[in-house]
Amino acid sequence: MSQVEKKAGLLRRTSSSKKPLKEKVVLMYDEIFAKEDPAKNNPRFWDELFLMKVNLEYLETKLETVDGEEVQKIQDNINSLFHHCVQALGEEHQIKVVNALQTLCALFRGVHQKNKSASGFDIINMLMGFDKAEQRMKDLMERLDGLLCGEGSESLKSLCLKLLLCLVTDNISQNTILEYVMINSIFEAILQILSDVSSRGQHGYDAVVLLALLVNYRKYESVNPYIVKLSIVDDEPTLDGMGMVVHHALTEYNRQYKDKEEENQGGFFSTLTSMVGSMFIADADEKLSVQTNEAILLALYEAVHLNRNFITVLAQSHPEMDIPTTPTTPTPTTPTTPLGTTPPSLDMMNNPELPLDPNLQTSNLLITFLKYASIVMQDTKDEHRLNSARLCLIILTCIAEDQYADAFLHDDNMNFRVNLHRMPMRHRKKAVDKNIPSRPLVCAVLDLMVEFIVTHMMKDFPMDLYLRCVQIIHKLLCYQKKCRIRLHYTWRELWSALINLLKFLLSNETTLLAKHNIFHLALLVVNLFNMFITYGDTFLPTSNSYDELYYEIVRMHQVFDNLYCMVLRVSTNTGQWKEPASKVTHALVNVRAIVNHFNPKIESYASVNHISQLSEEQVLEVVRSNYDTLTLKLQDGLDQFERYSEQPKEAAFFKELVRSISLNVRKNVSLNTLSQDVLLKEFSTIS
């Protein structure tokens, strides 16, 4: 049978001279798309329709292909179909409920495809009619709420969530139908799913994604009740449930990535690269840069950003998975989709024996997120991956600003061994996981920032990400200074990374200035050094660390000298960069004082002792013995920072991100995810 015949719902050819027969449900659809009221000659038309297996493809195609004039003629029938679908959701006969839900999905999808350029008001009129829209949507939302909160079938609940995702992902920013979803809230139903262990295992992923999208509906134009309600949730089981869903989804992504990484390291490819060096490492890494899960990342962002109570969830240990070992209904099959776009498998979520990490007895959401971020931040070459990395850094910015989060990040009694993914590079060996010490979690955050700084100095420079990285480091240092926390961290790696970043900016001044204000980034980097110089004695672990800071500044003085020459040149000329360059000039005053003070002392020491090249220990000795005569200027505001605000700076980014996520979710919410045959078999048994 041809594809056209299949779409038309044709059954078979009885002979060469006869036309193929149509399914009864297709004949009934044709009656709906005729001008006459289908119930006029058959009062039981609607009862019979919902007992028929839905032909999704035919109904959607029919809606897409009907032209403008025909729409006016059949609008009453479409309105009637929508009304009877909603009525059928209250039926005791479960097959009718299933078919009504699937018909509503087809209606929303078909009308959306037909009216991509139409206004939301036109779509409302076509589906429900203006005069009855408010009541119809109120009835629909109440019925869906009842099905989601009731004791009924898990498959029905899943289908309700699929319907809501179909509705929400219709051109989300201009989708006027969502006004009714704002008025008739299903927020409590979503929370109930997340707070219940069994429901969470079945539907948690869809519920969390749905909530993230609802929170983003016209969030800048009007008061969104989902934002208000999410911000005040303080029920521990609910917040834990949301955290568990995000944790599982990110864990699954990390596991799949690791499997793919190990697969790529074996066989012929591995042999070839070992023969010819590392010339193909970049290509291998490209293959591993698989599609990220931005929907679940958006949900994590909204929870962290809006709800201060959620911060406690980040640190909660998960020694075992608390999902039931067997699902209560048949597990629906999902189509193959790119890595990271589907919810974690039930097998993975249900297995309490699954090790979260071979080197950890426990894990938590923050650790899992840091590992995830270390994967997606490796490759930022295209806009999609760039946006994923940006969202990770925005989440870390919110975390770094939160006092409670900072407290557990720096808690010396909460030490973890976090195996971050590192980009393969020719000039360094692959890190051995076993060598990673157990440390406070802030060390892993700093490691992630250092790793990004070191690995992304390239022609297509991700300026926005660098600014966010440096600002995150600054916020963490401000907390350490404020609370006098002496963190045992390899600070020299950070200093070295920052100096190399300045070196890169100097080497590529002309190219970078054509696109970016490099002076703003340079100022932030220099002020990090000023933080260490001015307040380092309050948060560096030992006096030796402070000595090593001066040693690094003196050792790499040429970079600071060159930076000073560059900013002085730009600030003394008229032009758009005069003022930002001048700020860097002033910020360098103490760094230059250190260089100008210690360099002559070191040269004198070498000359007196007839040593051509001093060792590190000899330089440190000179530094220690000459602090007393060093004069530094006190700089104001080094431990102050501007707090994160989504509006207006990030508004455009989130609007585009939500649009992209909506398209992706819509593409992956296949109506056949819940097999019609499985559903009908299940409810035929019940009936």
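On a predicted model such as this, the values are computed, not experimentally measured, just so you know.

## Considering the overall build of the protein
So, point 1. Summing up its helical and strand segments, the protein has 34 helices and 2 strands in all.
So, point 2. Within the protein, buried positions represent 55% of all 687 residues.
So, point 3. A separation threshold of at least 6 residues defines the contact pool for the protein, and within that pool the share at least 24 residues apart is 79%.
So, point 4. Here the protein has roughly 31,100 Å² of accessible surface; of this, 50% comes from carbon and sulfur atoms.

## Focus: the confidence of the model for the protein
So, point 1. Residues with a pLDDT of 70 or more make up 82% of the protein, whose mean pLDDT is 84.
So, point 2. For residues 1-7, every residue scores under 50 in pLDDT, and the model assigns this stretch 10 contacts once sequence neighbours within four places are set aside.

## Looking at the packing of aromatic side chains
For any pair of aromatic rings, geometry is given as the distance between the ring centres together with the angle between the planes.
So, point 1. Applying the stated rule across the entire model yields 24 aromatic pairs.
So, point 2. Judged by centre distance (5.5 Å) and plane angle (85 degrees), the rings of Trp495 and Phe532 are edge-to-face. On the criterion of sequence distance, the pair formed by Trp495 in helix α25 (residues 491-507) and Phe532 in helix α27 (residues 518-539) is long-range, its members being 37 residues apart. Of the two residues, Trp495 and Phe532, neither departs from the other in class, the shared state being buried.
So, point 3. Plain terms: the ring middles of Phe532 and Phe539 are 5.5 Å apart, the flat faces sit at 55 degrees to each other, and that makes the pair tilted.
So, point 4. A relative accessible area of 0% means that Phe532 is categorised as buried.
So, point 5. Judged by its relative accessible area of 0%, Phe539 falls in the buried class.

## Details of the packing of helix α21 (residues 383-401) against helix α33 (residues 651-668)
So, point 1. Axis separation between α21 and α33 bottoms out at 12 Å; the angle between their running directions is 125 degrees. In this view, α21 runs oblique relative to α33, as classed from their interaxial angle. Crossing of α21 against α33: the hand is left-handed. Facing α21, whose interface residues are Asn387, Arg390, Leu391 and Ile394, α33 presents Phe653, Phe654 and Leu657.

## Description of the pattern of salt bridges
So, point 1. Per the stated rule, a full pass over the model turns up 37 salt bridges.
So, point 2. Of the charged contacts, one joins Glu36 and Lys40 as a salt bridge, the two residues approaching to 3.7 Å between their closest N and O atoms.
So, point 3. Given a relative accessible area of 51%, Glu36 falls into the exposed group.
So, point 4. The class for Lys40 is exposed, based on a relative accessible area of 59%.
So, point 5. Of the charged contacts in the structure, one is a salt bridge between Arg390 and Glu650, with a shortest N-O distance of 3.3 Å. Residue Arg390 is located in helix α21, and its partner Glu650 is located in the loop between α32 (616-624) and α33; the two are separated by 260 residues in the primary sequence.
So, point 6. Here the residues in one salt-bridge network are Arg44, Asp47, Glu91 and Lys96, joined through shared partners.

Conventions used here
- Numbering of residues begins from 1 in every chain and follows the order in which that chain's sequence is written.
- A pLDDT threshold of at least 70 governs which residues receive local features in this predicted model, and a stricter bar of 80 or more applies before side-chain atom pairs are shown or counted, although totals over entire chains, interfaces and linings include all residues.
- To get the side-chain values, take all heavy atoms of the structure and skip hydrogens and water.
- Only DSSP runs of H or I with at least four residues qualify as helices, and only runs of E with at least two residues qualify as strands; both kinds are numbered from the N terminus onward.
- Note on exposure labels: buried denotes an accessible area under 20% of the residue type's maximum, exposed denotes more than 50%, and partly exposed covers the range between, all computed with a 1.4 Å probe on protein chains only.
- Contacts are assigned to residue pairs that have any heavy atoms within 4.5 Å of one another.
- We get accessible surface area from the Shrake-Rupley algorithm with a probe of 1.4 Å; when it comes to residues, only the shown protein chains can shield them.
- The quantity called pLDDT is the predictor's confidence in a given residue, expressed from 0 to 100.
- Under the pairing criterion, centres of Phe, Tyr and Trp rings, with the six-membered ring standing for Trp, must be within 6.5 Å; the plane angle then separates stacked pairs below 30 degrees from edge-to-face pairs above 60, leaving the rest tilted.
- In this analysis an axis means a line fitted to C-alpha atoms, helices contributing only their contacting stretch, and an angle means the value between N-to-C directions, from 0 to 180 degrees.
- Roughly parallel here means an angle under 35 degrees, roughly antiparallel means over 145, roughly perpendicular means 65 to 115, and every remaining angle is called oblique.
- Note on convention: the crossing is left-handed when the near helix lies turned anticlockwise from the far helix by less than a right angle, right-handed when the turn is clockwise.
- Here, a salt bridge means any side-chain nitrogen of Lys or Arg that lies within 4 Å of a carboxyl oxygen of Asp or Glu.

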